[in-house]
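# Structure assessment
What follows is each chain in one-letter form.
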Amino acid sequence: MKKTLVLTTALTGLAFAASAQEVTVMSWGGAYTKSQVEAYHKPFTAEFGISVNSVDADNPATPIKAQVEAGNVTVDVADVEFSDAVRLCDEGLLEEIDHSILPPAPDGTPATEDFIEGALQDCAVANIVWSTVYAYNTNSVEGTPMTMADFFDTEKFPGKRGLRKSAKATLEMALMGDGVPASEVYDLLETDEGVDRAFAKLDTIKDDIVWWEAGAQPPQLLADGEVAMSTAYNGRIFNAAVGEGQPFEIVWDGQILDFDLFVIPKGAPHKEEALKFIAFATDTQRLADQASWISYGPARKSSGALVGLYSDGKTEMAPHMPTAAENLTNALVNNFEFWVDRDAELNERFNAWLAN
Amino acid sequence: MADISAPLTTADGKPLKAALASAQARARRRAFFLVLPLLAFVLLTFVAPIAQMLHRSVHNPGFTTHTDIGSGEKTPIMVNLRAWFKENPPGTEPDEAAYEALVKDLVVLRELKAPGSVGTRINYERAGSRSMFTKAARRAEKLEPPYKEAMLDLDEDWADPELWQVMRGASSAYTFNFYLAALDLARDADGSIVSVDENRQVYVKLFTRTLLLSLLITFLCFLLAYPIAHLLATLPLRHSNLLMIFVLLPFWTSLLVRTTSWIVLLQSQGVVNDTLVATGILDDDSRIQMIYNQTGTIIAMTHILLPFMVLPLYSVMRPINPSYVRAARSLGATSWTAFRRIYFPQTVPGIGAGALLVFILAVGYYITPALVGGANGQLISNLIAFHMTKSLNWSLAAALAAILLGGILVLYWLYDRLVGIDNLKLG
């Protein structure tokens, strides 16, 4: 008994000693968090001896405001979407990140030039380019859907549709499904007629929609046969299809590209370690490694050439990336400014539309 | 012979009344110290948060005070513009002085890095304002008089009377505008209260739906629980204990597990539909949609809240003496009359307690409708959660919650008037 007591006390002591060297990273869960644990967290701990606590949220941007305003910040690094990074930064909820801490590319190109445009913000450093696509289960769909219009055509392709329960991406897809080319979507959404048109298009399939909120849900809904097609984060579908052998196909037409960025909430308990983590995780090699665990594109140009095979050792990653040339024919880049501004208004209308 | 008009005293000469009072005061103090931990706990974890919520629903200093997150230092902002609003009555056309005040304030905002939060405050009531503030603040320092023209060059929307009305409303930290928004109302350009566009109206509808669904669920729980409780109360103890475990087992199971089990059972490729198809009752194409809609919310919530009805009913039914009903029967009452006149009235306190418990829990229910409610099975609590965690408009969330709280108190008061709160038996 006494021995155990001594042992546990010693262990607690060790745990305390170790807790000085840790960093808490909040991400989106599922296959995506796993890819980050493999590509960033494990090598980071191996190199610096700083342990990484991984926590998940449906959207890591949402707990930040509550934590910062309550003065009880437990997260050191959060992985958030573009518009959220800009909004939180504007509201003074994030620490600014000095871009000079980011290592240059292996050929010496400075980080500020190596990152793709928009990937470096005052308070945020992007790690991946991901996209919202729609995918279908080949067992429950006859024929081959090719375009965004097919997603909204329940006569040609009968079956339920899964959609993310938010105005963002849903409205853009509705317009593209109504035949609006990607390049004109945001101009149209700025107008009341455009918003009306998007909702009118959604009305046509409203009774067939199953709404999802967490990124892990669409592969589940597709696998259960609960929906025939669903919008989803492209990496989740890739991992279910290639990693788990599910009969899912991605339709790239009308995909909506976005960044995921690392941010540090103001008052993070381990700011030094957080900065170290971000600099490490977004270097050329780490971003390339991450892409071998899930099909999200690295945010550095220099990482592109290093992206090779999926972790199964045989699948070439390049064609599965949202940024692959053949996937970009009708792609939309998420307009963060539009959503920073209109998020509240359009979600309000979206909620009203849902409730009717 | 003692003087009877002199006050009674104790042995040491103190007046009896005072001695008694001090002895009782000591007892009272002791009792008070005994309940003090509980009192402090209730104040801290219940009363204070509700008070803070109510305060937040009428107080939003987003346009009047900037709080530095690092140091907690508070700086008054929009000082010049707020002064202009004070000097000029509502409806005044904003003149050059107003724009000059605005530009001066924007320069200060830029230094404080606060244009985003001020813009967000205005954006709550007028969409699209946020980027106007951040953009204008970025250039404010370089603007030259005449300021009105300079601002309109940046963005024509700065002349929008609605924007000025919203800024005027926000220029006082205390406002009832969040309550207006929570009731689908808004102020128009000259400050009078109007309904918002039809395609934005959502809250009143959801309050009504929450109320109706909660009543329906309470009623369904009553219908299901009454026979169960009766059975439990009348069976011999050794059988009823076994049955009681069936009632309590789901009660002890995690809420999430129960909700997701309903998803497995009810989804269109789920157990219920598969069984119906396998037995030939349904075609494969005509599977019933029982989840991700109102039906799903009603089924799952009724099941989850059922124990809250069964337990109070059981506790009032158990002690009812069966000889009352037997006596009524022997005096010639039909079984229905005996039930209606003798048995049922004795169970009313249990029905009241169960109904109140189920109804109040149902009104605030959140996770189950979020998971199985789809689009039309959402309740008001889901929108409160939306404003708490997604849109981060906490004042609106607080106003919605306050209205919900007020509504419940009114219903409770009505219940007290109609049924009587003394007539309530929880166990």
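Note that the structure is predicted; figures quoted are calculated from it, not measured.

The next point concerns the UniProt feature "transmembrane region" (unreviewed entry) in chain B. UniProt tags residues 31-51, 211-235, 242-265, 296-316, 350-372 and 392-415 of chain B as "transmembrane region" (unreviewed entry). End C-alpha atoms of residues 296-316 of chain B are separated by 31 Å, and the span's content is 100% helix alongside 0% strand.

Further remarks concern the interface of chain A and chain B. With 28 residues of chain A at the interface, the matching set in chain B holds 35 residues. Those elements that place two or more of their residues in the side of chain A that touches chain B are α3 (61-69), β7 (209-212) and α14 (336-355) of chain A. Looking at the side of chain A that touches chain B element by element, the count peaks at 14 residues for α14(A). Residues of the side of chain A that touches chain B, tallied by class, amount to 10 nonpolar, 6 polar and 12 charged.

Residue and element names in this part refer to chain B. Along its 25 residues, helix α18 (residues 394-418) runs 36 Å from first to last C-alpha, staying within 8% of the 36 Å computed at 1.5 Å per residue. Listed as buried for α18 are Ser395, Leu396, Ala397, Ala398, Ala399, Leu400, Ala401, Ala402 and Leu404. Looking at the packing, one finds that the buried side of α18 touches α1 (16-58), α8 (177-182), α9 (203-234), α15 (335-363) and α17 (380-389). Directly beyond the C-terminal end of α18, a positive phi value near 95° is found at Gly420.

Here the focus is the confidence of the model for chain B. The share of residues in chain B with pLDDT of 70 or more is 97%, and the mean pLDDT across the chain is 88. Two summary scores accompany this predicted model of the complex, namely pTM at 0.82 and ipTM at 0.75.

Take the pairing of strand β9 (residues 248-263) of chain A next. Residues and elements named next belong to chain A. Where burial is concerned, most of β9 is hidden: 14 out of the 16 residues are buried. Pairing of strand β3 (residues 77-81) with β9, which is carried by 4 bridges, proceeds in the antiparallel orientation. The residue of β9 that forms the bridge with Val80 is Leu261. Pairing analysis gives 12 bridges linking strand β5 (residues 124-137) to β9, with the strands arranged antiparallel. Across the sheet, Asn137 pairs through a bridge with Phe248, a residue of β9.

Our focus in this paragraph is the UniProt feature "domain: ABC transmembrane type-1" (unreviewed entry) in chain B. The feature "domain: ABC transmembrane type-1" (unreviewed entry), as given by UniProt, occupies residues 207-415 of chain B in the numbering adopted here. As annotated, residues 207-415 of chain B has a helix share of 78% and a strand share of 0%, and its two end C-alpha atoms lie 19 Å apart.

All names here are of chain B. One way to put it is that α9 packs onto helix α10 (residues 237-252) with a least axis distance of 8 Å and a crossing angle of 150°. When the interaxial angle is binned, α9 and α10 end up roughly antiparallel. Crossing of α9 over α10 shows left-handed handedness. Here Ile228, Leu231 and Leu232 of α9 come into contact with α10, specifically with Ser240, Leu243, Met244 and Val247. Tallied by class, residues from the contact of α9 with α10 come to 6 nonpolar, 1 polar and no charged.

Procedures and definitions
Residues numbered from 1 in each chain as written. Chains lettered and ligands numbered in written order. Predicted model: local features only at pLDDT ≥ 70, side-chain atom pairs only at ≥ 80, totals over all residues. UniProt positions renumbered as here; feature names shortened; annotations may be inferred. Helix = DSSP H or I, 4+ residues; strand = E, 2+ residues; numbered from the N terminus. Contact = placed C-beta atoms within 7 Å. Nonpolar A, V, L, I, M, F, W, Y, C, P; charged D, E, K, R; others polar. Expected span 1.5 Å × (residues − 1). Buried ≥ 20, exposed ≤ 12 C-beta atoms within 10 Å, placed from the backbone. pLDDT = per-residue confidence, 0-100. Pairing = 2+ DSSP bridges. Axes fitted to C-alpha atoms, helices over the stretch in contact; angles between N-to-C directions. Parallel < 35°, antiparallel > 145°, perpendicular 65-115°, else oblique. Left-handed = near helix turned anticlockwise from the far one by under 90°.

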